[in-house]
Amino acid sequence: MWSCVKDFFTYETTKSVVVKSWTIGVINRVVQLLIITYFIGWVFLYEKAYQVRDTAIESSVMTKVKGFGIYNDKVMDVADYVTPTQGASVFCIITKMITTENQVQGYCPETEKKYTCTHDSNCTKHLNKPGSYGILTGKCVPFNATIKMCEIKGWCPAEIDTIKTTPMMEVENFTIFIKNSIRFPTFNYTKGNFLSTITNDYIKKCNFDMINNTYCPIFRVGDVVRYARQNFTKLADKGGVIGIKIGWICDLDKSDDQCNPSYSFTRLDAMSQKNSVSPGYNFRFAKYYKMENGTDYRTLVKAYAIRFDVLVNGNAGKFNMIPTLINMVAAFTSVGVGTVLCDIILLNFLKGAEQYKAKKFEEVSDTPLDSQSNGFYRSQLSLRHNETIMRSSDSGAFSIEHYS
């Protein structure tokens, strides 16, 4: 117990031992060089660790779609095929529709094959379960001259969504106008995707491309789909979700002209392409009307669409003394890793490890030491052991030299 207490109340201090060995010297300098190169090249130059960064980007997006198409011999404009109409960051361009007109509230047969019946008992098993297009009554009624179906109460006639239709292929040449404004609150810095070099004449003529018009805010739908590596014909037939990503990576230590957006494109619902249960993207909406006698009726539309999600991300950095000092201290501290590595090699793997241990680790008690013959400590000590000369001076530094 007493020995544990004595061991606890001890003090350790460093002692310098100079090892004149080519092997250890090269390892030490190489490790130091690698650490310094890492901090200068990666931490300071690439990661810009001398900057404070703002990742809480604030953004607003406004969109407009332009173009005319023909669907079922009708000319379609923006009000017909874009939803929602407010020009938000998420919008759909309808490419294909299945329309069920003049629906009114009443009783009618279901249209899905699983509700085929021959008598009422085939339909009663579906009671208390939701039907496809209405509430089941439990009755078996004629669908046509040869087939009977279970009856529903709801909007009639029920929708038949297995009709094959051709997509509106003119959508490929429609254009999307995107207006994006961003702000980095930490620096109170604002910017938009309309660069100072953009003019009205340029806007009227330009279309975005990856080489010549990288900052044009007008995007052709076919180009966006192609940049996302998708087939437009398949996408228009089944629908899908395309992401338009706007990235803002700004170094505010440079001029304002250097802070510009970058655009990229991707298919966000890529997994739906591998799923045969519910491929693509579609939704339903209705247009409601009223007859002269006050009866409500509607036109139901099942729409297949390409949905566009405009996603904005980014960060900005600016020089600040605090992260600079923190990373400089970390760099200088990390240089000491070379010393630790060299100590491990010296103590365990090289010849003369025992002599190094003897000089590196020394225990001194607080009891009076016997003085030398003249009553004073000798200022110079020279030991020779197996052709290894070890010298010590009053500074506390030992020099270990290896001779052949």
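Everything numeric here is computed off the predicted structure, so don't read it as measured data. (Residues numbered from 1 in each chain as written. Predicted model: local features only at pLDDT ≥ 70, side-chain atom pairs only at ≥ 80, totals over all residues. Heavy atoms only, no water.)

Engineer: I'd like to hear about the overall build of the protein chain, residue by residue, with values.
Structural biologist: For the protein chain, the helix and strand inventory stands at 10 helices and 19 strands. Burial status across the protein chain gives 37% buried among its 404 residues. In the protein chain, the share of contacts with a sequence separation of at least 24, taken over all contacts with a separation of at least 6, comes to 67%. Taken as a whole, the protein chain presents about 25900 Å² of accessible surface, with 56% of it coming from carbon and sulfur. (Helix = DSSP H or I, 4+ residues; strand = E, 2+ residues; numbered from the N terminus. Buried < 20%, exposed > 50% of the residue type's maximum accessible area, 1.4 Å probe, protein only. Contact = heavy atoms within 4.5 Å. Areas by Shrake-Rupley, 256 points an atom, 1.4 Å probe, with all protein chains shown as cover.)

Engineer: Would you mind going over the state of the cysteines in detail, with residue names and values included?
Structural biologist: For the coordinates displayed, the defined rule picks out 5 disulfides. With a sulfur-sulfur separation of 2.1 Å, Cys108 is cross-linked through a disulfide to Cys156. With the S-S dihedral at roughly -80 degrees, the linkage between Cys108 and Cys156 falls on the left-handed side. Note that Cys108 is positioned in strand β7 (residues 90–109) and Cys156 in strand β9 (residues 148–156), a separation of 48 residues in sequence. As far as the burial class goes, Cys108 and Cys156 line up, both buried. One disulfide in the model links Cys117 with Cys140; its S-S distance is 2.0 Å. What sets the handedness of the Cys117 and Cys140 disulfide is the S-S torsion sign, and at about 95 degrees it is right-handed. In this pair, Cys117 is assigned in the loop between β7 and α4 (121–124) and Cys140 in strand β8 (residues 135–142), connecting sequence segments 23 residues apart. Given the relative accessible area of 12%, Cys140 is considered buried. (Disulfide = S-S within 2.5 Å.)

Engineer: Break down the nonpolar core for me, with residues and values.
Structural biologist: If you look at the biggest cluster of nonpolar residues, it comprises 47 residues, and the most contacted ones within it are Tyr81, Ile93, Val221, Phe265 and Phe308. Residue contributions to this core peak at 7 residues, all from strand β16 (residues 296–319). If we ignore the near neighbours within four places in the chain, the residues touching Phe265 are Phe208, Met210, Phe219, Val224, Tyr227, Ala228, Gly243 and Ile244. Within the second largest apolar cluster, 12 residues are counted, among which are Cys123, Tyr133, Ile152 and Cys156. (Core = buried A, V, L, I, M, F, W, Y, C linked by side-chain atoms within 4.5 Å.)

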